[in-house]
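Structural description and commentary
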Amino acid sequence: MERETGATAGVLRLPGIVLGVGLGGFVDGILLHQVLQWHHMLSSTDTDNIGVRYYDPETVSGLEMNTLWDGLFHTVCWLAVLIGLALLHSRVTYRRRQVWASRVLWGWVLVGWGLFNLVEGIVDHHVLGIHHVHGGPHRLWWDIGFLVLGALLVAVGYWLQRSGRPSGPGAAAARRGGQRS
């Protein structure tokens, strides 16, 4: 029997993952790009693997270009959050308030955040080399740590959504081990 919380876990999977991708991107962009200023979208193109022109973030014109690309990155994150919310709204028709408190939804959100870290970390940090988590002599270790965090988020999120308690139509039967009609 598939676990459910206001809706089946399968119904929450895609909206949760898409929300997690967008929210994970916002954490990356806001914390690492803006607050800590460790990197920007194009801050390592002087050593990239694809030949993108270098925009030195230490110069005004370079910072302007990096800020533009950070803004485009945030736009994609914002669109992912909007799409995730729209998917969630369209799929959940029963006890919506309860879904927001469910381990299933937040587990899938963590999976999405972890997938964001893994894909963004592999593509941008390692394959393209357009930026790294934190520059300097230990940048490889920062990039690996980012990937490890992503893998942990996927594992914890998957465990969390699996531990969600049934609630919603047919939940009493599911808790008793019965079949849902």
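Keep in mind that this is a model prediction, so the values were computed, not measured.

Comments concerning the overall build of the chain
Assigned secondary structure in the chain consists of six helices and zero strands. Along the chain, helices (α) and strands (β) appear in the sequence α-α-α-α-α-α when read from the amino end. Within the chain, contacts between residues at least 6 apart in sequence are counted, and of these 73% link residues at least 24 apart. When the accessible surface of the chain is split by element, carbon and sulfur atoms take 65% of a total near 9900 Å².

So, the nonpolar core
Ranked by size, the top nonpolar core spans 23 residues in total, and within it Leu12, Leu88, Val99, Leu105 and Trp108 carry the most contacts. When residues of this core are traced back to their parent elements, those giving at least two are α1 (9-35), α2 (60-91) and α4 (103-127). Sorting elements by how many residues they give to this core places α4 first, with six residues.

Re α2
In this model, α2 (32 residues) spans 46 Å end to end at C-alpha, consistent with the 46 Å of a helix rising 1.5 Å per residue. When α2 is considered as a whole, its buried residues turn out to be Gly62, Asn66, Asp70, Phe73, His74, Cys77, Ala80, Val81, Gly84 and Leu88.

Topic: the confidence of the model for the chain
Mean pLDDT over the chain stands at 88; residues scoring 70 or higher make up 86%. Between residues 1-7, whose pLDDT stays under 50, and residues either more than four places distant or in other chains, the model counts 34 contacts. The low-confidence segment residues 168-181, where pLDDT is below 50, has 22 contacts with residues more than four positions distant or belonging to other chains.

Looking at unusual backbone geometry
One non-glycine residue with positive phi stands out, namely Gln37, at about 55°. Checked against the element boundaries, Gln37 lands in the loop between α1 and α2. Classification of Gln37 by relative accessible area gives exposed; the value is 57%.

Focus on the side chain of Asp48
Looking at where Asp48 falls in the secondary structure, it is placed in the loop between α1 and α2. Of note is the side chain of Asp48, whose polar atom sits 2.7 Å from the backbone nitrogen of Val52.

Notes on the environment of Val104
Looking at where Val104 falls in the secondary structure, it is placed in helix α4. Judged by its relative accessible area of 0%, Val104 falls in the buried class. Sequence separation of Val104 and Gly10 is 94 residues, and the distance between their C-alpha atoms is 9.4 Å.

Focus on the packing of aromatic side chains
Summed over the entire model, instances satisfying the criterion amount to four aromatic pairs. Both rings, one in Phe73 and one in Phe116, keep their centres 6.1 Å apart while their planes meet at 45°; by these two values the pair is tilted. With Phe73 in helix α2 and Phe116 in helix α4, this pair connects stretches of sequence that are 43 residues apart. Since its relative accessible area comes to 9%, Phe116 is described here as buried. Ring geometry for Trp100 versus Trp106: centroids 6.2 Å apart, planes at 50°, classification tilted. A residue is classified by how much of its surface remains accessible, and Trp100, at 39% relative accessible area, is partly exposed.

As for the environment of Asp48
Under the relative-accessibility criterion, Asp48 is labelled buried at 14%. Sequence separation between Asp48 and Gly129 is 81 residues, and the spatial gap between their C-alpha atoms is 4.3 Å. Discounting residues that sit within four places of it in the chain, Asp48 has contacts with Leu128, Gly129 and Ile130. Engagement of the side chain of Asp48 in a polar contact is seen with the backbone nitrogen of Gly51, the distance being 3.2 Å.

Criteria and cut-off values
Residues numbered from 1 in each chain as written. Predicted model: local features only at pLDDT ≥ 70, side-chain atom pairs only at ≥ 80, totals over all residues. Heavy atoms only, no water. Helix = DSSP H or I, 4+ residues; strand = E, 2+ residues; numbered from the N terminus. Contact = heavy atoms within 4.5 Å. Areas by Shrake-Rupley, 256 points an atom, 1.4 Å probe, with all protein chains shown as cover. Core = buried A, V, L, I, M, F, W, Y, C linked by side-chain atoms within 4.5 Å. Buried < 20%, exposed > 50% of the residue type's maximum accessible area, 1.4 Å probe, protein only. Expected span 1.5 Å × (residues − 1). pLDDT = per-residue confidence, 0-100. Polar contact = N/O pair within 3.5 Å; in protein donor to acceptor, adjacent residues only side chain to side chain. Phe/Tyr/Trp six-rings, centres within 6.5 Å; stacked < 30°, edge-to-face > 60°.

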